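Coordinates in review
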Amino acid sequence: MDLLDVDGDHIHFLIDPQGRLREYVNGKLELEHVQWLAYDAETATLEDEKGQIVLQEKDRVEKALGVHCLAMRAGVPWRKDPPVPAQRLAIVDTDGDQLEFIVNEDQKLQEYNNGELDLDQVTTMCFKFSDGSIRDDTGVFTLPPRECMQKVAALYSLAMQAGIRWTGDNPQQVSALPVGHEPSKALDIENCAGDWELECPLLWENLTPTDQPNRRFCKTCGENVYFCDTIEEVNAHAMERRCVAFEVREAVATEARVPETDDVVKLHVALLSGDELPELTVPKVATVNDVKEEIANLSGIPSGEQRLLLEGRELENTERAGAFCETSGTPDKAFLQLLRVLKPVREPTREPGKVKMGKRRKPGREY
């Protein structure tokens, strides 16, 4: 997450693979592990072990909320004042639409789209960190990567004030287990209780077996849960609004292939959630395609699903790593953001006269 203080210094907070909150000032690592944060709401002053940061007035509410969420996700103690709750929020989504959310006098959350009232009362929201998307009563919109943390933090603040039903990822939830406490095998269940994109706390091993090895029954929600080995299977069941379980493949910090030359670039790659991948070292002549392959080896995210951004601009696959440093203003390092975009799965052609049954998600927005 990025912010500018009143002195013009560029501050960057992110969560590393070990779950620690890091702080960079003007591109240089200031704190490898932030131990605590204190906030003075009256002066909008954020303080840590290294000093004070005074937030700019124009966006101090959502910036403070965003840093607070990062601190909670990393387990960093927050001292003194809580952030001031948001009262309104303006977002320009990735489609260029101008959205505005306001809590009115009746404590209802209203949504405006390009200046026109779209929803007089928002009742539900579902957030996914993986792609920065939010689903509400009318459809889906996606937060811009560079502002994702602060915008979702402010939106979560509004939702809690208005009593909105929030599902999916919680921006204040701890993002990583302590090192050494990772489970050897983890299974996620999605779509539990029929609410699409809601992560279920139950385990596959505790569900009731059926006559099919890849299907079990959940007595809590009364739904069948289907175990999937591939993303294609997950998407196919998702189209039918079924609960699915799949094995979570954790990112493994493998040793990067470092070329035998000093002509290299060190890349810091951060996800929308604020988590950071292990540092990458690549030749300056490496292309974006080469970088994506390295990221795929580290994170398990296929290169075809990766979108790399440098200062808000999506990089072309043919661009060279050496150019990253020129844009960042540093001789041998650059900070990138990773946006994951799942490839769409085409629905199979339906035979004439054959009726297709199942639970489907609401259609997306159409403007």
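Cut-off values and rules
- Residues numbered from 1 in each chain as written.
- Predicted model: local features only at pLDDT ≥ 70, side-chain atom pairs only at ≥ 80, totals over all residues.
- Heavy atoms only, no water.
- Axes fitted to C-alpha atoms, helices over the stretch in contact; angles between N-to-C directions.
- Helix = DSSP H or I, 4+ residues; strand = E, 2+ residues; numbered from the N terminus.
- Parallel < 35°, antiparallel > 145°, perpendicular 65-115°, else oblique.
- Contact = heavy atoms within 4.5 Å.
- Nonpolar A, V, L, I, M, F, W, Y, C, P; charged D, E, K, R; others polar.
- pLDDT = per-residue confidence, 0-100.
- Salt bridge = Lys/Arg side-chain N within 4 Å of Asp/Glu carboxyl O.
- Pairing = 2+ DSSP bridges.
- Expected span 1.5 Å × (residues − 1).
- Buried < 20%, exposed > 50% of the residue type's maximum accessible area, 1.4 Å probe, protein only.
- Phe/Tyr/Trp six-rings, centres within 6.5 Å; stacked < 30°, edge-to-face > 60°.

Before going further, it helps to spend a moment on the packing of helix 1 (residues 60-74) against helix 2 (residues 148-162). In the contact formed by helix 1 and helix 2, the axes pass within 7 Å of each other and the chain directions differ by 95°. When the axis of helix 1 is compared with that of helix 2, the two are roughly perpendicular. Note on element contacts: helix 2 touches helix 1 through Met 149, Gln 150, Lys 151, Ala 153, Ala 154 and Ser 157, opposite Glu 62, Lys 63, Leu 65, Gly 66, Cys 69, Leu 70 and Arg 73. Looking at side-chain class alone, the contact of helix 1 with helix 2 contains six nonpolar, three polar and four charged residues.

Overall, the prediction assigns the protein a mean pLDDT of 78, with 77% of residues at 70 or greater. Throughout residues 250-261 the model reports pLDDT below 50, and contacts reaching past four residues in sequence, or to other chains, amount to 16 contacts. For the stretch residues 353-360, pLDDT sits under 50, and the model shows 15 contacts to residues farther than four places along the chain or on other chains.

Right, let's talk about the pattern of salt bridges for a bit. Overall, the coordinates contain eight salt bridges when judged by the stated rule. Linking Arg 88 and Glu 100 is a salt bridge whose minimum nitrogen-to-oxygen distance equals 2.6 Å. Taken together, the residues Arg 88 in strand 9 (residues 88-92) and Glu 100 in strand 10 (residues 98-103) connect sequence positions twelve residues apart.

As a further point, take the sheet that holds strand 2 (residues 10-15). An order of 1-2-3-4 is seen for the four strands of this open sheet, with the pairing classed as antiparallel. Strand pairing shows two members of the sheet lacking a second neighbour, strand 1 (2-4) and strand 4 (28-31), which therefore form its edges. For this sheet, the mean angle separating the axes of adjacent strands, direction not counted, is 30°. Relative to strand 3 (residues 21-25), strand 2 runs antiparallel, the two sharing five bridges. Paired with Ile 15 across the strands is Leu 21, a residue of strand 3. Helix 1 contacts strand 1, strand 2 and strand 3 of the sheet and is inclined by roughly 30° relative to strand 2.

With four bridges connecting them, strand 6 (residues 45-48) and strand 7 (residues 51-54) associate as antiparallel partners. Looking at the pairing, Leu 46 lines up with Ile 53 of strand 7. Counting the residues between successive antiparallel strands, the hairpin from strand 6 to strand 7 contains two residues.

Across the sheet, which stays open at both edges, the four strands sit in the order 7-6-5-8 with mixed pairing between neighbours. Two strands close off the open sheet at either side, each with one partner strand: strand 7 and strand 8 (78-80). In this sheet, adjacent strand axes meet at a mean angle of 25° when their direction is disregarded. Here three bridges tie strand 5 (residues 37-40) to strand 8, and the two strands are oriented parallel to one another.

Once that is clear, we can look at helix 1. Helix length check: helix 1, at 15 residues, gives a terminal C-alpha distance of 21 Å against a target of 21 Å (1.5 Å per residue), a fit within 8%. For helix 1, the tally of buried residues reaches twelve of 15 residues, placing the bulk of the element in the interior. For helix 1, the full list of buried residues reads Glu 62, Lys 63, Ala 64, Leu 65, Gly 66, Val 67, His 68, Cys 69, Leu 70, Ala 71, Arg 73 and Ala 74.

The next point concerns the packing of aromatic side chains. Geometrically, a pair of aromatic rings is defined through the distance of the ring centres and the angle of the planes. Under the definition given, this model contains six aromatic pairs. Plain terms: the ring middles of Tyr 24 and Phe 335 are 5.0 Å apart, the flat faces sit at 75° to each other, and that makes the pair edge-to-face. Of this pair, Tyr 24 sits in strand 3 while Phe 335 sits in strand 27 (residues 333-340), and the two are 311 residues apart along the sequence. Among the residues examined, Tyr 24 registers a relative accessible area of 4% and is labelled buried. Each member of the aromatic cluster is reached from another via a ring pair, and the members are Phe 127, Phe 129, Tyr 156 and Trp 166.

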